[in-house]
Amino acid sequence: MTRPVLAAVDASVRSRAAAHWAAQEAGRRGAPLRLLHAWPYLGRKANDLVKMDDLEMGAQTMLGDIVQELAAAYPGVAVSSALVPDSAIDGLTEAAEEGQLLVIGTRGLGGFRGLLVGSVSLGVAGRSKTPVVLVREGGPALESPEPEVTVGFDALEPADAVLEFAFEEAQLRGARVRVVHGWELPPTYGYAGWVPVETERQELGALAVGMVADAVAPWREKYPRTLVLEDVRTGGGAAALVEASAQSDLVVVGRRRRALNIGPKLGSVAHAVIHHAQSPVAVVPHD
């Protein structure tokens, strides 16, 4: 049985934008769509102040409305829903393991208005074992005349899972793949104002280009019909990906899995791209 595409929803406009994006993605994958609404109070007993049956009924009504909206807009996609009686981060992270990927709005499920991305969205993206796509408010984008999937590449820590996700997405969309690698001069060049001569800068740039070409070569062979652009820039990976996002339908970044649940859950590049990219961002966990 085909695993579903999952979408986290609540009553906000942002989460509905994520649900529509997820429905389009489910259609591309030939997969069902399952809407998830996580709220810990759904698993508690009634008390003198709150009738839990009323809360559950309200949640079911909200889900039912979105299911009908999506079923009408995307008749080829089978849409279902489920309540998750747990905290949003824990519940959605666990539920994500049942799907191909989880789509979530960037602020619809929590966080302060002053933040670009809510704490729930960041928490789920940083912990999920399944790829997570973060979608901003505004609904699904129109089909681009030249669809493009951008993927961040780290020459020092290449991750096949990240490249594979990007190439699969591009194939589903009939899109090209832009492999972006942002490199910077080694820290020693900045010590005491030491500036490299132009020949050294060119040699370092050529080395970066060669590393990207070698890493991408097997994927060119595996996906011969996919146009691949190797985009090597100076200035660091985060800035390069944010800039590239302006012309991308999706930006794909990696997140290293941690054996212990301590320390930062998202790397600095992924964190910056999630906050500032102009397109949806897929966070793909890898070893």
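Scroll up a little and you will see the structure.
Small disclaimer: the values here were computed from a predicted structure and weren't measured.

Participant: Would you mind showing me how to read the sheet that holds strand 2 (residues 33–38) here?
Facilitator: Pairing between the strands of a sheet is mediated by backbone hydrogen bonds and can be parallel or antiparallel. Read across the open sheet, the 10 strands follow the order 3-2-1-4-5-10-9-6-7-8; overall the sheet is mixed. The two strands at the open ends of the sheet, each matched to only one other strand, are strand 3 (79–84) and strand 8 (228–234). Looking at each pair of strands side by side, their axes are set apart by 25° on average, direction ignored. Relative to strand 8, strand 7 (residues 176–183) is paired through 7 bridges, and the arrangement is parallel.

Participant: How should I be thinking about the pattern of salt bridges in this particular structure?
Facilitator: Per the counting criterion, the structure on display carries 18 salt bridges. We note a salt bridge from Glu98 to Arg34, for which the minimum N-O separation is 2.8 Å. Taken together, the residues span a long stretch of sequence, with Glu98 in the loop between helix 3 (88–95) and strand 4 (101–105) and Arg34 in strand 2 at a distance of 64 residues. Between Arg178 and Asp231 there is a salt bridge whose closest N-O contact spans 3.0 Å. Highlighted residues: Arg178 in strand 7 and Asp231 in strand 8, separated in sequence by 53 residues. Judged by its relative accessible area of 11%, Asp231 is buried.

Participant: Even after reading the chapter, I still don't get the packing of aromatic side chains, so can you show me in this structure?
Facilitator: To describe a pair of aromatic rings, you give the distance between the ring centres and the angle between the ring planes. Applying the stated criterion to the full structure yields 3 aromatic pairs. With a centroid separation of 6.5 Å and 20° between ring planes, the pair formed by Trp219 and Tyr223 is classed as stacked. One aromatic cluster is present, built from ring pairs that chain together Phe167, Trp219 and Tyr223. Over the ring of Trp21 we find Arg28; its NZ or CZ atom is 5.9 Å from the centre of that ring.

Participant: Hey, could you run me through a nonpolar patch on the surface in this one?
Facilitator: Taken together, the side chains of Leu156, Leu207 and Met211 present a nonpolar region at the surface, about 330 Å² in accessible area. Among the secondary structure elements, Met211 is positioned in helix 6 (residues 198–222). By relative accessible area, which is 32% here, Met211 ends up partly exposed.

Scoring rules and cut-offs
- Every chain begins its residue count from 1, and numbering advances along the sequence as written.
- With pLDDT at 70 or above as the cut-off, local features in this predicted model cover only qualifying residues; side-chain atom pairs require 80 or more to be listed or tallied, and sums for whole chains, interfaces and linings still use all residues.
- By convention in this description, side-chain values take in all heavy atoms of the structure and omit both hydrogens and water.
- For two strands to be treated as a pair, DSSP must find no fewer than two bridges joining them.
- For helices the rule is a DSSP run of H or I covering at least 4 residues; for strands it is a run of E covering at least 2, with both sets numbered from the N terminus onward.
- Angular values range over 0 to 180 degrees, each being the angle between N-to-C directions of two axes fitted as lines to C-alpha atoms, with helices fitted over their stretch in contact.
- The salt bridge definition used is simple: a Lys or Arg side-chain nitrogen within 4 Å of an Asp or Glu carboxyl oxygen.
- The rule is simple: take the accessible area with a 1.4 Å probe, protein chains only, and divide by the maximum for that residue type; under 20% is buried, over 50% is exposed, in between is partly exposed.
- Pairing of aromatic rings covers Phe, Tyr and the six-membered ring of Trp, with a centre-to-centre limit of 6.5 Å; geometry is then stacked below 30 degrees between planes, edge-to-face above 60, and tilted otherwise.
- Whether a charge lies above a ring is judged from NZ of Lys or CZ of Arg, which has to be within 6 Å of the ring centre and within 35 degrees of the ring normal.
- Surface patches are drawn from residues lacking salt bridges whose relative accessible area is over 30%; two like charges belong together within 9 Å, two nonpolar side chains (Val, Leu, Ile, Met, Phe, Trp, Tyr) within 5 Å.
- A 1.4 Å probe and the Shrake-Rupley method give the accessible areas. Residues count as covered only by the protein chains that appear here.

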